[in-house]
Structures are given as structure tokens and as C-alpha cells.
Amino acid sequence: MDYTIIVFLEILRAISWLVILAAGLAIIFGMMKVINFAHGEFLMLGGYITIMSHNAGVPLWISMGVLAPLVVGVFGIIVERLVIRHLYGRIIDSLLATWGLSLLMIGGVTMVFGNTVQGVSTPLGSLSIGAYQVPGYNLLLIGIAVAMMMAIWLVLRFTSAGLIARATMQNPDMAETLGVRTSWVYMATFGLGSAVTGLAGGLLAPLTGVAPSMGVNFVAQSFITVITGGASMIAGTLSAGTLLGTISQGVTFATGPVYGDAALLLAALILLRLLPQGITGRIFRKSL
Amino acid sequence: MSDLRPILTTEKLVMQFGGVTAVDNVDFSLREGELRCLLGPNGAGKSTFFKCLTGQLTPTSGRVRFDGQDITGWETHAIVGMGVGIKTQVPNLFDGLSAYENVRMSARRKHLRPMAKEKAEEMLEKCGIAHLARREVGLLAHGQRQLVELATVLAGEPRLVLLDEPAAGMAGDERDRLADLVLETSRRAAVVVVEHDMAFIRRIAKFTTVFNRGAIFREAMIDEIMSDRAVQEIYLGKQADVAA
Amino acid sequence: METSLRTDPGFWFMTALGLVLLFLGPLFWDLFQIMQITQYVVLSVYVLSLAYIWGFGGILSFGQAAFFGLGAYTFSVAAINMGETTFPFVLAFAIPAIFGAALGYFMFYGKLSDVYMGVVTMVVTLIFWKLINHTAGPEYAIGDARLGGFNGIPSVPVLNVPGDAQAWLDPGQMFQVFMAILTLLYVLLRILIASDFGRISMGIRENETRAALLGYDVRRHKVIMFALGAGIAGMAGGMWATYQTFIDPNVFSLEMSAKALIWTMAGGVGTLAGPIVAVVLLQYLSLKLGEMHILNNNFILGGIMMVLVLLVPKGGLPTLRDGIAALRVRGSVRRSGTPGKVAPDV
């Protein structure tokens, strides 16, 4: 019984983890159909800000939950204004440009901080379930994933900003003729997506430590989750996160963590062969 | 008699997009060598019907038969390989290539190199665009692009030619030439023409099918269709909508 | 536009240049220069794999390093096990090509959009990189070859004369063999591009719907092109392994994929010669900048990539060509399409 709970929690954590990693990317993709190839480096930036500010004396929860999203969000807005804005309608070029940005950021951070790993200890201790210990941080991750999805849903569904966002998502030209400045919507979207990614990076920092090239370890999972989910932010991320999280955790239990990612990709390829637009391209099409 | 054999039939063909039924239970039959006009207001489902025939869309239900063979759900290239050619509503061309290269690409599928060259040149000549052969088609005017696409389609020597609004964007003399071309083509192949241009229709039409809201609304000789009150109403109704 | 090889001065110039370097180069260069230039030759073969499929088929692969690395590891493992290099060299082409065909089947028959294709090809590279990094233990061995994880495989055999496993090539001979491969590859690709197969590829690049409506099997055609590109990249990987005589997981790195994109963009999508020139210039530039130890290599690469996308989207050679043409036709406005850039369809 205890073991069942542990396995269940592990799977739930894997799903939550994918959701947290991919949420920022999914917001940007759902809205703008752009994949930010520098996603991994936005995570890295969030991680660095968390650890740097914590080392400078800021409480960990503040640096993780406030500073990381704030700074990465602002950085995202700057990137949108300087780069992405010029590439609307040139989707391939926006991929290439953000890839360039990714390399630029890895190189830049290496030049500033050096190619070393820095870390901070994981907070929250652990909980006992029967004979097993569960890190409290895992439960926090599950809680945050749920809160994140709830928050996005509430904003999209019940606020006027959410209405504008949904309208732009459905039909940008139409929204423009109704007086929506879509370029501002895109800027805000990119900023918000970046902020969420910054938060994810902050949450990551105590688990893995930070290093300039750390993003590489997480982008594969994020990308696969988003493209498998398709264009709907919440339904897509949740359905893909659930499916892929379960698969990768199952494979990890069976063979160890090395093949988890490969199994993810294989599952995604097979799924995309059947549903080229991702899960929400066919199922849950009308959802957010 | 061989020319009474149907070359194309559809049985209860249905194409749905979500809740919208674009093609609704269509039973259509075309004899070999027949020239058929397809009329109907915008949104009547004519282009969708064409896409179902050429495999660009897979019908929700119903069958499509070409030359006795059930081709429902086949890949586009396989259907085209059977001998179907289509000029799409918005010209589909290789914009970065020359007119000659476009036409040759089509001719080459059936012929060896020297013959393909000859065939392509002949088609360009026949469509009256030999002088445009070396021009990049992305830079041509709309009417000229229509002719290039027509030449491309005909160079594949299809047994069934589908033409979706071939006269759009054409000047008077171009249009007359096009009508002659269509009539000439129909001596060697079955032809289905979708068109709104009534002057053009009058020059070529005999037996005519009218689509409305995805379904076949009337099938009769063109004179009968023109004087049909109900047909006029669906057109006028549509125009009234547009005016409003 | 129309390509007639026989009357194209660029084709003859590049072919002649290749032959001249092949025969005369080793007479004038010292060992260090030969090694340096051999590197450019190998990377030129690598860049042609992308320049061909992107420029002449509109297929954008963000994961050429996956095939490059697969070719490098295939060659190394096979050569260590077989004790000779000729058949392993063939495998370095064949295995990545087969893998490319399988991956291409999923992508093209799944009708993935450009963005999805980009992401999938990139993720494939990442996963190879991750997997191979985890093969450090002695249990990860294929025959006599230990994969070695992040340490890579040391002592990859040098190329030998086919049929005589003891007759190793010296650096000058290796340069000549590689230069011959590059020249031959260039000529063969140009012939392929000018052939009917190549024209169909170009048609597909311009308009997939029309190509299918003319009766051409677009997806099969793209799988073949993609597999060919994968094979060429794999062959370059094999050349890289034997040139360096060791390999590590960096052959699968994202930088390696990015480099292929950068060189192709810099040289111009829709040409073969441009990307080769870009390899030489940019590798030389990054060597010199690297020697100064001020700027990080990734930083330079990323910077170049962003500048290219934002400021020179058509690439070096076409921009140069248009510039010259614009000077000739002074005053008249000339509209020009962007070759190879596929309209985004999401």
C-alpha cells in the first residue's frame, strides 16, 4: 500500500515536472505559434538569478518565486522587442534566431560566471509515508503545477486580458480590426511565458544546481511536451504532460533514467504520426 | 456505347468539418468525354467537392469511383496517376520556376525527356503563352498564371480534367481563347468546370449541375437551369447577403 | 531558375578549384596547414548535407549533428572491430541514411509542419547526445569498441588503402582522398539537382500541393532526399572520426547542428558553393577569435546566427549576387524571392 502511494506520487511528480518545465513554452507557442529555442537558457537564467540573489542574502522563496520570474520576464520582453517582433510570420526564422540567442546566452553566462556548477540545498526536508521518505519539495512541485494551470485557466477564462488573449489566439487579424493591438498582446505573452519559465528555472536550481549549459538537459522534455500537446495551452500541456510523464516514469522505473527521454521522444513520434497537430489538434480542440 | 460509361461517380459523398457539412450526400456521375459545368453560389461546396475527388481531403463518408476503380481515401499522387488533373481555385504553381519548367514537370511524368520538351512547348503554344515560357511564374499576372496552370494540367494528359474557376482574372479575349481550349480538351477528356462567369458558361455549357449548401440542387441542360426560378433565387439570395 | 550545368561558370570554377587543390595543395602546404585545411574539407562535406536538402528540397533539418555523430560512432565502432576502414566508411553513410529514412518516414508521412519538424530533428540530436554521454561504463561496448561515455572513443583507426589494412594514409594522402570526395560529392549533387529528380525536389520546395497534383509522391520524395542528406552527414562524421582519430559525444552536440545551419545561411540557402566558402571563412574566423581568448565560441556562433537571420536572411552568396545585379540594373526595382525559404504553414 505504501509503495503504491510512493509510485503514484512519483508519477504525479513526473507529470507536474513536465507541466512546470513546459508551461512557459506552451503559453508562447499557443499564442504565437513560435517555439522559443532559447527556452533552456531562460530556465538557466531563472536558476542563476535564484542562486545569485540567495547567495546575496535574499530569502530563497523570494529569489525563487519573485525575483527569478520578474527578471526573466523583463528579459523576455526585451528579447521580444529586439528580436522576435521582427520575425512575425517568419516562423522558421524565429526558430533560428532564438537558437542563436540560446548559444549567445550560454556563451555569455560562461564568460561572466565561468563554466562551473553552483548550487543551493533543497529546502523542505522530507515526509514519511510508512517506511518510505518523500521529499517535501516534490509535493511543492505538484502543488505548483496545479496552481500554475489553475491560474492560467482563471486568467484566460475570467479576465478581460484573458479574453483579448483568446481572441488573438483564435483570429489575430479579426482581433486587430476590433482594436486589439496584437503586437502588445504578443509582447505581453512572451513576457509572461518567459516569467513562468523563469519560475521553473528557480524551482530547478535547488534540485540540479546551475551551470551555463544546463538548459540542454531540460529542453528536450519541454519541447516534446509542447508539440505533443498541440496548440491549446492548458489542455495540451496537461494531456501531454500526463501521458508523457507516465511513460517516462514507467520507463525510468524499468530501465533507469537514461532511456526516459528516448522513450519520451519515441512516444511523441508515434503520437505525432497519428495526430500531426498534437493531441489538441484533434481531441479537446475547442479547449483552452 | 463506350462513351456512355461513367468515368467518375460519387456515392453518398459527405465531407464534414467539425459541425459544418461542406459536401452533403452527393451522388454525382460523369460520362467519359462529357463536359459538365458546376454552378452554385460561393460556399456551396464545389471546391471542397473537387478536393474530395483528388484526395486532398479524405471524405467523411461515401465513395468515389474513377474509371470503375474505388479511389476513396487514395493519396493525391496516386489518383492523379490514374489520370485526373486539376486546376485549383487559387493557382497552385511552382512560383520560383519558369512557365516552361512548370509545364515540363507535368509532361515529364508520362514522357521521356525529348518528348516532354516537345509536349511542354506544344502546350504553352496551345494556351497562347509561348512568349512567357522563360518568365518566372511568380511574377506573372493572375490571368497569365491561370493559363500556365491550365497548360501544366493539360500537359499531364489527364482523362478527367477538373477546372476550378479557370476564367477568373482573365480579360475578354483571353477568356474566349480559354473557352475554345476547354471545348477542345473535352474532345479527348471528361471535363468538369466550376465557374461564376456567365458569359463564359454560356459559351461552353451543356448539361449542368447546380450545388447549393453542399448538396446537388438541380441537374439539367443549361437553358433550363438559367430559367429556373429556384436557381436564380439561391444566387440572388447569396448576392443579397453580400450586398447587406 | 533554369539550371544548365554545362553553361554554368560557377560549376566549372568550383570543380576546377577542387581538382587544383587536390593535386597541387600538398606540394605547397606544410603539415599543420594540411591538417587545418583537411578539417575545412570534412566540414564542407558536412555542410553540403544540409545545403542540399534545405536549398534544393526545402527540407530544414535542425538535427544534422545526429547523423554526423551517428556516422562518426558507426565508423569508429566498425573500424575498431573490423581492423580495417573501407567497409566501416560505407557503413558511416549507410547507417545514418537508414536512420534518416526511418525518421523521415515518421515526419513526412505524419505531415508534420515546419516548426514540428525543426523541434523533432533537434530533439533527436539531444537524445543521442544524452544517451551516448551515459555510456561510460564497461558494459557499454559493441564488440571490441567501448563507447566510453563523455570520454568518447580514443584511437579511432586512420584510413587505410582499401584491401590492405596495414597501408595507412599519411595526412597528405588523407587530404587528397577527402578533397576528392568533396569534389565528387559537389559534382554529383549538382548533377542530381539538374536531373529530373532534382527538378521535382525544386517543385516540391516551391509548392508541395502542385507537385502532388501533378502525380508526384511528395512524401516519398522527401524521405529519399532526407535520407540522402543524412547519409552525407554521416559520411562526414566518419571522415571526422578518422581525421581526429578520436571522438566524443560533442559530435552530437547542438552546436554541431547549429553550425550546419549557420554555414548554410551564411553562404546562402539555394547554393552549394556558398556554404563551402562560409565553412572556410567562419571556421578561420572562429579560430582566430578563439586564439584571443576573449569571446566564448558559443557566444560568437550565437551572435553570427542572430545577425544572419535578422540582417542577411538570404545569405552571403545570393546577397552578393543580388547586389551585383542591382548595380548593373541601376534604378530598376527588382523583386526577388527568397530561395529555399518555405512559407510558414502553422
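Residues numbered from 1 in each chain as written. Chains lettered and ligands numbered in written order. Predicted model: local features only at pLDDT ≥ 70, side-chain atom pairs only at ≥ 80, totals over all residues. Heavy atoms only, no water.

In terms of helices and strands, chain A carries 12 helices and 2 strands. Along the chain direction, N to C, the helices and strands of chain A fall in the order α-α-α-α-β-β-α-α-α-α-α-α-α-α. Computed over C-alpha atoms, the radius of gyration of chain A comes to 19 Å, within 12% of the 19 Å expected from 2.2 N^0.38 for 288 residues, which places it in the range of a compact globule. For chain A, the C-alpha atoms occupy an extent of roughly 60 × 45 × 35 Å along the three principal directions. In chain A, buried positions account for 56% of the 288 residues. Sequence-distant contacts, at least 24 apart, represent 77% of the contacts inside chain A between residues at least 6 apart. Counting only carbon and sulfur atoms, one obtains 70% of the accessible surface of chain A, whose full area is about 11,600 Å². Taken together, the 12 basic and 8 acidic charged side chains of chain A have centroids lying 11 Å from each other. (Helix = DSSP H or I, 4+ residues; strand = E, 2+ residues; numbered from the N terminus. Rg over C-alpha atoms; globule rule 2.2 N^0.38 Å. Buried < 20%, exposed > 50% of the residue type's maximum accessible area, 1.4 Å probe, protein only. Contact = heavy atoms within 4.5 Å. Areas by Shrake-Rupley, 256 points an atom, 1.4 Å probe, with all protein chains shown as cover. Lys, Arg positive; Asp, Glu negative; His and termini not counted. Charge placed at Lys NZ, Arg CZ, Asp CG, Glu CD.)

We now examine the interface of chain B and chain C. Facing 31 residues of chain B, the contacting portion of chain C comprises 23 residues. When chain B packs against chain C, the two sides together hide about 2,400 Å² of surface, and 53% of this comes from carbon and sulfur. When the buried area of chain B at its contact with chain C is split by residue, His-77, Phe-94 and Met-105 of chain B rank highest and sum to 25% of it. For the pair chain B and chain C, the interface holds 6 salt bridges. Of the charged contacts in the structure, one is a salt bridge between Asp-196 of chain C and Arg-113 of chain B, with a shortest N-O distance of 3.5 Å. Our count for the chain B to chain C interface comes out at 12 residue pairs in polar contact (both at pLDDT 80 or more). Of all the secondary-structure elements, those providing two or more residues to the side of chain B that touches chain C are helix H2 (76–83), strand E6 (84–87), helix H3 (99–107) and helix H5 (142–155) of chain B. (Buried area = accessible area lost by both parts, 1.4 Å probe. Salt bridge = Lys/Arg side-chain N within 4 Å of Asp/Glu carboxyl O. Polar contact = N/O pair within 3.5 Å; in protein donor to acceptor, adjacent residues only side chain to side chain.)

Moving on, we get to helix H2 (residues 31–57) of chain C. Residues and elements named next belong to chain C. Its 27 residues place the ends of H2 39 Å apart at the C-alpha level, agreeing with the 39 Å of an ideal helix rising 1.5 Å per residue. In the structure, H2 departs most strongly from a straight axis at Ala-51, where the bend amounts to approximately 25°. Judged by how many residues are buried, H2 sits mostly within the fold: 22 of 27 residues are covered. N-capping of H2 is provided by Asp-30, with a side-chain oxygen placed 3.1 Å from the backbone N of Phe-32. (Expected span 1.5 Å × (residues − 1). Bend = angle between axes of the 7 residues up to and from the residue.)

Quick look at the pattern of salt bridges now. Residue and element names in this part refer to chain B. A complete count under the given rule lists 29 salt bridges over all chains for this structure. Asp-70 serves as the salt-bridge partner of Arg-65, at 3.9 Å between the closest nitrogen and oxygen. On the basis of relative accessible area, Arg-65 is assigned to the partly exposed category, the value being 28%. Of the residues examined, Asp-70 reaches a relative accessible area of 26% and is grouped as partly exposed. Residue Arg-159 pairs with Asp-67 through a salt bridge whose shortest N-O separation is 2.9 Å.

Before going further, it helps to examine the confidence of the model for chain A. On average, residues of chain A score 82 in pLDDT, and 93% of them are at 70 or above. Here helix H12 (residues 279–282) of chain A is the element of chain A with the lowest mean pLDDT, 66, and helix H2 (residues 39–55) of chain A is the one with the highest, 91. (pLDDT = per-residue confidence, 0-100.)

What follows covers the sheet that holds E6 of chain B. All names here are of chain B. Overall, mixed pairing links the 6 strands, which are arranged E6-E7-E8-E3-E9-E10 in an open sheet. Edge positions in the open sheet fall to E6 and strand E10 (215–221), since each of these has one partner strand only. Strand-to-strand twist in this sheet, taken as the mean axis angle between neighbours without regard to direction, amounts to 20°. Relative to strand E8 (residues 190–194), strand E3 (residues 35–39) runs parallel, the two being bridged by 4 bridges. (Pairing = 2+ DSSP bridges. Axes fitted to C-alpha atoms, helices over the stretch in contact; angles between N-to-C directions.)

A contiguous nonpolar surface patch, about 570 Å² in accessible area, is contributed by Met-111, Val-112 and Phe-113 of chain A together with Met-292, Ile-294 and Leu-295 of chain C. Locating Leu-295 of chain C in the fold gives a position in the loop between helix H11 (273–291) and helix H12 (297–311). With a relative accessible area of 37%, Leu-295 of chain C lands in the partly exposed category. (Patch = residues over 30% accessible without salt bridge, like charges linked within 9 Å, V, L, I, M, F, W, Y side chains within 5 Å.)

Residues and elements named next belong to chain B. In spatial order, the strands read E2-E1-E4-E5; together these 4 strands make up an open sheet with antiparallel pairing. The open sheet is flanked by strand E2 (20–31) and strand E5 (69–70), the only strands paired with a single partner. Sheet topology places strand E4 (residues 61–66) next to E5; 2 bridges connect them, and they run antiparallel. Considered in E5, the bridge of Phe-66 is made with Gln-69.

Glancing now at the packing of helix H4 (residues 91–113) of chain A against helix H10 (residues 254–267) of chain C. For the pair H4 of chain A and H10 of chain C, the least separation of the axes is 11 Å and the interaxial angle reads 130°. When the interaxial angle is binned, H4 of chain A and H10 of chain C end up oblique. Considering the relative orientation of H4 of chain A and H10 of chain C, their crossing is left-handed. Here Leu-96, Trp-99 and Leu-103 of chain A of H4 of chain A come into contact with H10 of chain C, specifically with Leu-254, Glu-255, Ser-257, Ala-258, Leu-261 and Met-265 of chain C. Counted by class, the contact of H4 of chain A with H10 of chain C contains 7 nonpolar, 1 polar and 1 charged residues. (Parallel < 35°, antiparallel > 145°, perpendicular 65-115°, else oblique. Left-handed = near helix turned anticlockwise from the far one by under 90°. Nonpolar A, V, L, I, M, F, W, Y, C, P; charged D, E, K, R; others polar.)

All names here are of chain B. Taking burial as the measure, the 6 residues of strand E9 (residues 207–212) include 5 buried ones, the bulk of the element. Summarising the sheet, E3 and E9 pair through 3 bridges and their orientation is parallel. Paired with Leu-39 across the two strands is Val-210, which belongs to E9. The pairing of E9 with E10 spans 6 bridges and is antiparallel.

This part takes up the interface of chain A and chain C. How big an interface is tends to be expressed through the accessible area that disappears when the partners come together. Tallying the contact residues gives 46 residues for chain A and 48 residues for chain C. Between chain A and chain C lies a buried interface of about 4,200 Å² when both sides are counted; carbon and sulfur atoms form 82% of it. Elements that contribute at least two residues to the side of chain A that touches chain C include exactly H4, helix H9 (216–229) and helix H11 (258–274) of chain A. With 16 residues, the single largest contributor to the side of chain A that touches chain C is H4 of chain A.

As a further point, take the nonpolar core. Core analysis: the largest hydrophobic core is formed by 198 residues, its most contacted members being Ile-35 and Trp-99 of chain A. By residue number, the principal contributor to this core is helix H1 (residues 2–32) of chain A, which donates 15 residues. Apart from the residues within four sequence positions on either side, Trp-99 of chain A is in contact with Phe-37 of chain A together with Phe-62, Met-122, Leu-254, Ser-257, Ala-258, Leu-261 and Met-305 of chain C. Leu-93, Val-103, Ala-133 and Val-153 of chain B belong to the second largest nonpolar core, which has 47 residues in total. (Core = buried A, V, L, I, M, F, W, Y, C linked by side-chain atoms within 4.5 Å.)

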